[in-house]
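Read off the chains here:
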Amino acid sequence: MTSSRKNLSDSRGNALGIGIFLFFLRTLGINRACELVWLISLFYALFDRTACRAASHYLKRRFPRAERIAMFRHTWALFTNQGQALIETRAMGAGKLKWRFENDGVVRELIYGQKGLILLASHFSCWQALIGGLGEFRRPVNFLVAPDANLNVDKFAAAGKLHVPIRVISTLEPMGGLVEAAEALERGEAVCMMGDRCFEGEGAHVEFLGEEAVFPYAAFYLAARCSCPVLPLFAVREKAHTSFTVRYGNAIFPQLSGRRRSDLTPYVQEYVSELENMANQHPYRCFLFENIWNSGK
């Protein structure tokens, strides 16, 4: 269940760079600080070949007709939005962001219910800032995450002062932490995990941005075994850099009659279709910096 692959974030975001962002945030406010990110990200778009190559797998599928100059603009905008998301996450921890939660109908029942549920996040917009709003769930929240290889990056910078217990389950634990996650779900707690990065030996082959791509089964396998729902959620910027909505996808209720994980593929496709819809609406806020497509190109 674990992988030795390195993520782009493992080597990006040093203490000096993050310190500069935080200085801008304190002295200029969040909107002016986010405007300055355009200057900083220009350097990466011009000179960081590794980062540009990592971004190209997603961008050339999201913008298949883009020529060289247009692709540079897309890359610059993507890097800018990622840097802005870092500032927004820190602002969330400082209580400087306004959040609106969509929780009508079945979503409200799931959030305020007693049954365990899986919150399926994505590397989309200021996804780490979602942590600051998890008091909405009124129950302990467990994060199934890999330890940060880059010690300058704090996944929980947005937590602030939450009134619900936050627990971390490492994917380096036996069985990738799924045993501990299952125990949390049985207690009626929430488990938050990522749905768009496949570290499993086997993944679901589904359609994403016009080509077959590989996404992890883990959340859906866990939900099927524990008879609990999967609730995709996305952070959507509404106004400048100070107002956001937590947009929930349709609740997914996976079922698995046998042992074949491939039977879960239709449920993975439901989530991936939600992610594709968000990428089409907000193309510069989808941070998929690896080649998840089977073509290998």
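Residues numbered from 1 in each chain as written. Predicted model: local features only at pLDDT ≥ 70, side-chain atom pairs only at ≥ 80, totals over all residues. Heavy atoms only, no water.

J.: For this particular structure, what's the right way to read the pairing of strand E7 (residues 211-215)?
T.: Regular strands show a simple pattern: their side chains alternate between the two faces of the sheet. Where strand E6 (residues 204-208) meets E7, 5 bridges bridge the pair, whose relative direction is antiparallel. Paired with Phe-208 across the two strands is Glu-211, which belongs to E7. (Pairing = 2+ DSSP bridges. Helix = DSSP H or I, 4+ residues; strand = E, 2+ residues; numbered from the N terminus.)

J.: Is there a simple way to explain the nonpolar core in this structure?
T.: Nonpolar side chains in soluble globular proteins tend to be buried together. Formed by 93 residues in total, the largest nonpolar core has its most connected members in Trp-99, Phe-208, Phe-215 and Phe-220. The contacts of Phe-220, once residues within four sequence positions are left out, are Leu-120, Val-230, Ile-252, Pro-254, Leu-264, Tyr-267, Val-268 and Tyr-271. (Core = buried A, V, L, I, M, F, W, Y, C linked by side-chain atoms within 4.5 Å. Buried < 20%, exposed > 50% of the residue type's maximum accessible area, 1.4 Å probe, protein only. Contact = heavy atoms within 4.5 Å.)

J.: Help me understand the confidence of the model for the protein chain in this model?
T.: Close inspection of predicted coordinates is inappropriate in any region flagged by low pLDDT. Averaged over every residue, the pLDDT of the protein chain is 84; the share at 70 or more is 84%. Across the protein chain, helix H8 (residues 265-281) holds the top mean pLDDT of 97, while helix H1 (residues 15-28) sits lowest at 76. (pLDDT = per-residue confidence, 0-100.)

J.: Before we go on, may I ask you to explain unusual backbone geometry in this structure?
T.: The backbone of Ser-125 sits at a positive phi, close to 50°, despite the residue not being glycine. Tracing the backbone shows Ser-125 in the loop between strand E2 (117-121) and strand E3 (141-145). Owing to a relative accessible area of 3%, Ser-125 belongs among the buried residues under this scheme. You will see that Ser-227, though not glycine, has its phi angle at about 55°, which is positive. Of note, Ser-227 is situated in the loop between helix H7 (218-226) and strand E8 (230-239).

J.: Looking at this model, I keep getting lost on the sheet that holds strand E9 (residues 243-248). Mind explaining?
T.: Strands belonging to one sheet form pairs held by backbone hydrogen bonds; the direction of such a pair is parallel or antiparallel. Spatially, the 7 strands line up as an open sheet ordered E1-E9-E8-E2-E5-E3-E4, and their pairing is mixed. In the strand order of this sheet, the two ends are held by strand E1 (98-101) and strand E4 (166-170), each with one partner. Averaged over all pairs of adjacent strands, the angle between strand axes in this sheet comes to 30°, irrespective of strand direction. Sitting on the sheet, H7 touches E2, strand E5 (190-194) and E8, and the angle it makes with E2 is about 170°. (Axes fitted to C-alpha atoms, helices over the stretch in contact; angles between N-to-C directions.)

J.: It is not clear to me how the state of the cysteines should be interpreted in this structure. Could you clarify?
T.: Put plainly, two cysteines are in a disulfide when a covalent bond ties their sulfur atoms together. If you walk through the whole model with that rule in mind, you get 0 disulfides. You can see Cys-126 has no disulfide; the closest cysteine sulfur is in Cys-34, sitting 9.4 Å from it. Relative accessible area serves as the criterion here: at 1%, Cys-126 is assigned to the buried category. (Disulfide = S-S within 2.5 Å.)

J.: Help me out: how do you make sense of the pattern of salt bridges in this one?
T.: Applying the stated rule across the entire model yields 8 salt bridges. The shortest N-O distance in the salt bridge between Glu-35 and Arg-32 comes to 2.5 Å. Placement of the pair is Glu-35 and Arg-32 together in helix H2 (residues 30-47), with a separation of 3 residues, close to one helical turn. Glu-35 gets classed as partly exposed once you look at its relative accessible area, which sits at 44%. Here Arg-167 and Glu-189 are joined by a salt bridge, their closest N and O atoms 2.8 Å apart. Note that Arg-167 is positioned in strand E4 and Glu-189 in the loop between helix H6 (178-186) and E5, a separation of 22 residues in sequence. A relative accessible area of 6% places Glu-189 in the buried class. Each member of the salt-bridge network shares a partner with another, and the members are Arg-167, Arg-187 and Glu-189. (Salt bridge = Lys/Arg side-chain N within 4 Å of Asp/Glu carboxyl O.)

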